[in-house]
Each structure stands twice: as C-alpha cells, then as structure tokens.
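As a plain string of letters, each chain reads:
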Amino acid sequence: MSLDRNLFTLTVVPNESDPTVQDLVLPSGTVYYHKQREGGTSYRINLFDPMSQSMLASATAPHSSSKHKTIELYNPSQAIEFRSTGTLTFRWCFNWEEHKFEWKREECYLVRKPDPAVLVAITKDPPGRLKTSTIQILDYNLNRHVSSIPFDIADRKGLEITILTTLLTLQDLNAANQGPLEPVTLSLPVQPEAPPTPPPRPAPKTGIDRIAEMHALRYEPNEVTINEEGSVEDYGEYAEGLLADDAMLFITVRSASPADVPRVLQVVEHVTRLRHKRAGTRSEELHQYVVYDTQPAASQRIKLDGPPSNAYRPPSSLTVHLSKIPMPELRPRPIPQKDRPSGPLPNTTSMPMPRLPRSPPAPAPPLGRHSMVSGTGAPLLPTQQHPTAAKTGSFWGRSRK
C-alpha cells in the first residue's frame, strides 16, 4: 500500500550529533520525536519529546529479539505488554484501553471481531532493505464511527506514542535478525526463556492528584465536574489552582448527578475562602453566575390530596461559572408577563358538585311602599293592573300625559 503524503507522516533518520539517537521528523524537516537506545546487555529504548526533553515512553526486554517486550508510558504511567502471537506468520499484538491492535509486517490494524479489521498505521521500507524509514498514522480511520463497534478511544496521543514505540522495537528486531549473531553459550539441558516479569503497577493517586488525573483526559481544561469521588477540599484546591493561572479567565463548576448539587455549592464556597485567605485584601473579585435545572414532573395528573403543582423541587443539575471578568451574557433576564408559566387549572367537569341540604321555604317578606298591591290590600298578579294605571300609564313608567 502506497503512502499518502497528505496524512500525518514521520520519517526515521539518524541524528547528526549522537549515533545512538534517531529522529522522527515531519516532511517539513521538523523533529517530532527522539528515539534513543541505551547500551548494556539488556534491551531498552526511550522516546523523548524534542522540545522539553521529557521521556514519553520506553520499551524493555532481555534482548532486542525477545518475543515479549514491555512498553511503559509516562505522565501518566501505564504498562503495556507487546508480544509475538504468530506461529508461522509475523504478528505482534498489544491492547490499548478496550481495543486490540495487531502489527502484520508493514501494517497495524485495530481488530474488530467478527467485523473486518481497520487499518490505523502503515510503514514503508526502502527498496532492497528491511529497515523502517517512513511511518504514517491513518487518523481518518480512527475518527470514523462504526455502528457495530464505535472507536471510543479517549487518549489518542497515548495510542500514537504506543504505535510508534512498538514499531521502533520491530525495527530493532529486524536489525538484530539481519546483523551478526550474538554469541550464545550452550549448556545442557537448555532451559526455555522465561518471560520477564512486568513492572509493578504504579500506586493509585489520591487527593488533588486524583482530581487532576480524572480531568486530564477531558477536552475542557476550565471545567471542574463534581462527583462522589474526592472531597470538597480537594476539588476546591484544584479549582483554585486553575484560577491562579493568569491565562484562565473563568472556570465552570458543574454537578455530575443530582446528588452532587449540594457539593457544588460547598466547592464554590471553599474556592472563595482559599482565594481570600491566600491573597488577602488583594484578592481579585470573582463574578458568580448560577445555572440550574429542575426535573420535569413525572405525571400530569392532578391529585387533590397530593402536594400542589407549584411545590418546590430541588434542582437536578447545577452549574456555577466563576469569572474574573464580567460576563453579561450569563446574567439572569426577567421573564415577560406573557411568557410566564401558569399553573394547571383544575378540571371542574370531573369534580362532583356537593349536594346541599334541603331547607324549609323562607317566609314571605312584609309589604312595603314599593310592593305591588291592589286597592283591597291583596298582592297584584302579573295579569292585573293597578286602578291608577289607566290615568297615569304604566305603574313603573313615566306619565303619558
């Protein structure tokens, strides 16, 4: 398979000043990684960052031709086993997170059984030589989403360093197989080579180091997510350390679940106390903007004997923005009168009307000066007419004359 120069490509070239060092350079000539092989009876290579000279990864084994090598990443520390699994074919495997990767000669695949494997890296040897010179990472295959098995790789940078380190060990394996044979002392009986003991796992981190480790794999450097792991003081120390950076203008403290909403308020209070304690009167004022959400009602049925529909419900999520500068877009805005939600009206058609008790009829009121009576003193009926109506017109109306 030919290489595409438009993709991420590295070329392995010897270092001009140190013969034990090889440089992995971009097509533009910029050095991207340093690979150094240490001397001694055992096999060990180190991968460095050229800018900070910090060690990124190392590979160790009893010999360069061993069938089992241990890859160790740093910051954070992680041990990976890289072993040969092919009997009649060239096949080396390692595991990263929940996925299995496999080198087959010049190509590295992500194994997706029973689905076909996906090509993630490729190397090209110069004609007539068995020495790797060009390496290419196929980012578009790692970024795509497959419906059967999604590529949920959290640490892409760690995977890139692991792929390069394993390939560099295979380069040294090819050089050892093509070079002069190492002197071997035979003894009877010949004991099979025992696999080396993997290095011990690093001790789990605690306190603020554990909080920083949980947030290191996320892509939001200014967000602090509060969950059940860790204390309020540790979260407060971590958040205050973010605000101590001059380049950090604001941070966001949010809850991971409804049970963590009270802890968000405690962490914000602890951050404010720490800044005032450490800076004193020179402490910079923090603007606080609160965003919360409540859970919707589970049922819309009105219960006459239940709590009212507008009863208080604690928020299901809480987000507090701590900013060194004013943020007008986060200020609360008044809700117009027409947009304010109103409570549900009771369904009067489904409510039975109360039956009132029957009472005796009320007595007739006494006759007054406005009572309609006849000349004999008896009340007038609706069809009768007052004797004076013929002269003055209607009893209630004006005179017709």
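(A) Layout of the packing of helix 3 (residues 207-216) against helix 4 (residues 232-243). As a packed pair, helix 3 and helix 4 sit with axes 9 Å apart at the nearest point and diverge in direction by 65 degrees. Crossing of helix 3 against helix 4: the hand is right-handed. Counted together, G207, I208, I211, A212, M214 and H215 of helix 3 and D234, Y235, E237 and Y238 of helix 4 form the full contact between these two elements.

(B) Expanded view of helix 2 (residues 156-178). End to end, helix 2 covers 34 Å across 23 residues, agreeing with the expected 33 Å (1.5 Å per residue, within 8%). The backbone nitrogen of G158 lies 3.0 Å from a side-chain oxygen of the residue at the head of helix 2, namely D155.

(C) Fine view of the pattern of salt bridges. For the structure shown, the criterion picks out eleven salt bridges. Across the pair E102 and K104 runs a salt bridge, and its minimum N-O distance is 3.5 Å. Classification of E102 as buried rests on a relative accessible area of 9%. In this structure K104 comes out as partly exposed when scored by relative accessible area, which is 35%. One salt bridge connects E269 with R273, and the closest N-O pair in it is separated by 3.2 Å. Taken as a pair, E269 and R273 lie in helix 5 (residues 261-279) at a separation of four residues, close to a single helical turn. Put simply, R91, E102 and K104 are held in one network by salt bridges that share partners.

(D) Spatial organisation of the pairing of strand 14 (residues 250-255). When strand 13 (residues 223-226) meets strand 14, the two strands line up parallel, connected through four bridges. Within strand 14, the residue paired with V224 across the bridge is V253. In terms of handedness, the path from strand 13 via helix 4 over to strand 14 forms a crossover that is right-handed. Alignment of strand 14 against strand 16 (residues 315-323), held across five bridges, turns out to be antiparallel. Considered in strand 16, the bridge of I251 is made with L322.

(E) Examining the packing of aromatic side chains more closely. The final tally for this structure, using the stated rule, is five aromatic pairs. Taken together, a centroid distance of 5.3 Å and an interplanar angle of 65 degrees make the contact between F8 and Y32 edge-to-face. Here F8, found in strand 1 (residues 8-14), pairs with Y32, found in strand 3 (residues 31-37); they are 24 residues apart in sequence, far enough to count as distant. With 5.4 Å between their ring centres and 10 degrees between their planes, F94 and F101 make a pair best called stacked. These aromatic residues form a ring-pair network of at least three members: F82, W92, F94 and F101. Here K69 stacks its cationic end above the ring of Y43, 5.9 Å away from the centre of that ring. Just above the ring of Y109 sits the side chain of K104; from NZ or CZ to the centre is 5.7 Å.

(F) Summary view of the confidence of the model for the protein chain. For the protein chain, mean pLDDT is 75; residues scoring 70 or higher make up 68% of the total. Between residues 367-401, whose pLDDT stays under 50, and residues either more than four places distant or in other chains, the model counts 22 contacts.

Rules of the game
- Residues numbered from 1 in each chain as written.
- Predicted model: local features only at pLDDT ≥ 70, side-chain atom pairs only at ≥ 80, totals over all residues.
- Heavy atoms only, no water.
- Axes fitted to C-alpha atoms, helices over the stretch in contact; angles between N-to-C directions.
- Helix = DSSP H or I, 4+ residues; strand = E, 2+ residues; numbered from the N terminus.
- Left-handed = near helix turned anticlockwise from the far one by under 90°.
- Contact = heavy atoms within 4.5 Å.
- Expected span 1.5 Å × (residues − 1).
- Polar contact = N/O pair within 3.5 Å; in protein donor to acceptor, adjacent residues only side chain to side chain.
- Salt bridge = Lys/Arg side-chain N within 4 Å of Asp/Glu carboxyl O.
- Buried < 20%, exposed > 50% of the residue type's maximum accessible area, 1.4 Å probe, protein only.
- Pairing = 2+ DSSP bridges.
- Right-handed = clockwise from strand over helix to strand, strands pointing away.
- Phe/Tyr/Trp six-rings, centres within 6.5 Å; stacked < 30°, edge-to-face > 60°.
- Lys NZ or Arg CZ within 6 Å of the ring centre and 35° of its normal.
- pLDDT = per-residue confidence, 0-100.

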